[in-house]
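# Structure assessment
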Amino acid sequence: MEYTLSDPEVISSLPTDWTQWAGAIVGAILVGLTGVLPLWVVPAKVGGTTSGPGSDDNLKYLLAFAVGGLLGDVFLHLLPETYQHMIDSGEEGGLGRIGIAVLTGILTFLVLEKLLEMSNPETNEEVRDKENKKIVGYLNLFANCTDNLLHGLAVGTSFLSSFRLGVTTTAAILLHEIPHEFGD
């Protein structure tokens, strides 16, 4: 295992241009289709007119799975790996910069949500709550668009490096996206 995933000798028999384009297109389609997966899995009656005691149990389990997956991804994988990279590089102030970036991202969306809620001139409380849910939906859509753009860049650049790295990156993004889409 002395070679890296981007070593051109790992897969030398496949034509590079064809596999790069085909892999990037198939990977992008697979990642894009994860947004449709919850429509096939979550039943249409969830949150609908049925009012039985167990009618929303499936949705609760799926949301718990999604939230657990995303929180585990952030706090058990992404942040520790980022902090470890900063420690290994010996960069001065890198740890504080990561913390400030995380807090800035959280606070930016919080402030944006509150500003948009306060700008809602509706006086009827029921209509105002409905409008505020739309605001949260638009913020979620904006964050999801940014997330999907970055995933597309990751898939494309990984297939440019090597076919094996592209497949690995696409699989990792799929494992990340499936709980993410259930949460959305």
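What counts, and at which threshold
- In this numbering scheme, every chain counts its residues from 1 along its sequence in written order.
- Where local features are concerned, this predicted model is filtered to residues with pLDDT of at least 70; where side-chain atom pairs are given and counted, the filter is 80 or more; whole-chain, interface and lining totals use all residues.
- To obtain the side-chain values, all non-hydrogen atoms of the structure were used and water was disregarded.
- Any carboxyl oxygen of Asp or Glu within 4 Å of a side-chain nitrogen of Lys or Arg constitutes a salt bridge here.
- Working definition: with a 1.4 Å probe on protein chains only, accessible area under 20% of the residue-type maximum means buried, over 50% means exposed, and in between means partly exposed.
- Working definition: helices are DSSP H or I runs of at least four residues, strands are E runs of at least two. Numbering for both runs from the N terminus.
- Charged residues are defined here as Lys and Arg on the positive side and Asp and Glu on the negative side; His and the ends of the chain fall outside this count.
- Contacts: residue pairs with any heavy atoms within 4.5 Å of one another.
- To qualify as a nonpolar core, a set must consist of buried Ala, Val, Leu, Ile, Met, Phe, Trp, Tyr and Cys residues joined through side-chain atoms within 4.5 Å.
- Only rings of Phe, Tyr and Trp enter the pairing, Trp through its six-membered ring, and a pair is recorded when the two centres are within 6.5 Å. The plane angle decides the type: under 30 degrees is stacked, over 60 is edge-to-face, the rest tilted.
- Any pair of N or O atoms that falls within 3.5 Å is considered a polar contact. Within protein, one atom must be able to donate a hydrogen and the other to accept it, and sequence-neighbouring residues count only if both atoms are side-chain atoms.
- Confidence of the predictor at the level of single residues is captured by pLDDT, which takes values from 0 to 100.

In this structure the tally under the stated criterion is one salt bridge. Close ionic contact of Arg97 with Glu91 constitutes a salt bridge, the shortest N to O distance being 2.5 Å. Its relative accessible area of 46% is what places Arg97 among the partly exposed residues. Residue class for Glu91 comes out partly exposed when judged on its relative accessible area of 36%.

By the element assignment, Asp147 lies in helix α5 (residues 125-161). Although Asp147 is buried, it forms no salt bridge, and the closest oppositely charged side chain is Arg97 at an N-O distance of 20 Å. If near-sequence neighbours (up to four positions away) are discounted, Asp147 is found in contact with His176, Glu177 and His180.

So, on to the nonpolar core. Counting residues in each nonpolar core, the largest one holds five residues, listed as Ala24, Val31, Val155, Phe159 and Ile173. Secondary-structure elements contributing two or more residues to this core are α1 (16-33) and α5. Filtering out sequence-adjacent residues up to four positions away, Phe159 remains in contact with Thr19, Gln20, Gly23, Ala24, Gly166, Val167 and Thr170.

The subject of this paragraph is the environment of Leu37. Structurally, the position occupied by Leu37 is in helix α2 (residues 37-41). Look at Leu37 and you get partly exposed, because its relative accessible area is 24%. For the pair Leu37 and Ile178, spaced 141 residues apart in the sequence, the C-alpha separation amounts to 7.7 Å.

Time to look at the packing of aromatic side chains. In this structure the tally under the stated criterion is two aromatic pairs. Plain terms: the ring middles of Phe109 and Phe142 are 6.1 Å apart, the flat faces sit at 35° to each other, and that makes the pair tilted. Of the two residues, Phe109 is situated in helix α4 (residues 94-118) and Phe142 in helix α5; the sequence distance between them amounts to 33 residues. Judged by its relative accessible area of 30%, Phe109 falls in the partly exposed class.

The topology assignment puts Gln20 in helix α1. One polar contact links the side chain of Gln20 to the main-chain carbonyl oxygen of Leu160, over a distance of 3.2 Å. Setting aside residues up to four positions removed in sequence, Gln20 forms contacts with Phe159 and Leu160.

Once that is clear, we can look at the confidence of the model for the protein. This prediction gives the protein a mean pLDDT of 75; 78% of its residues lie at or above 70. Between the elements of the protein, mean pLDDT differs from a low of 71, seen in α2, to a high of 85, seen in α4.

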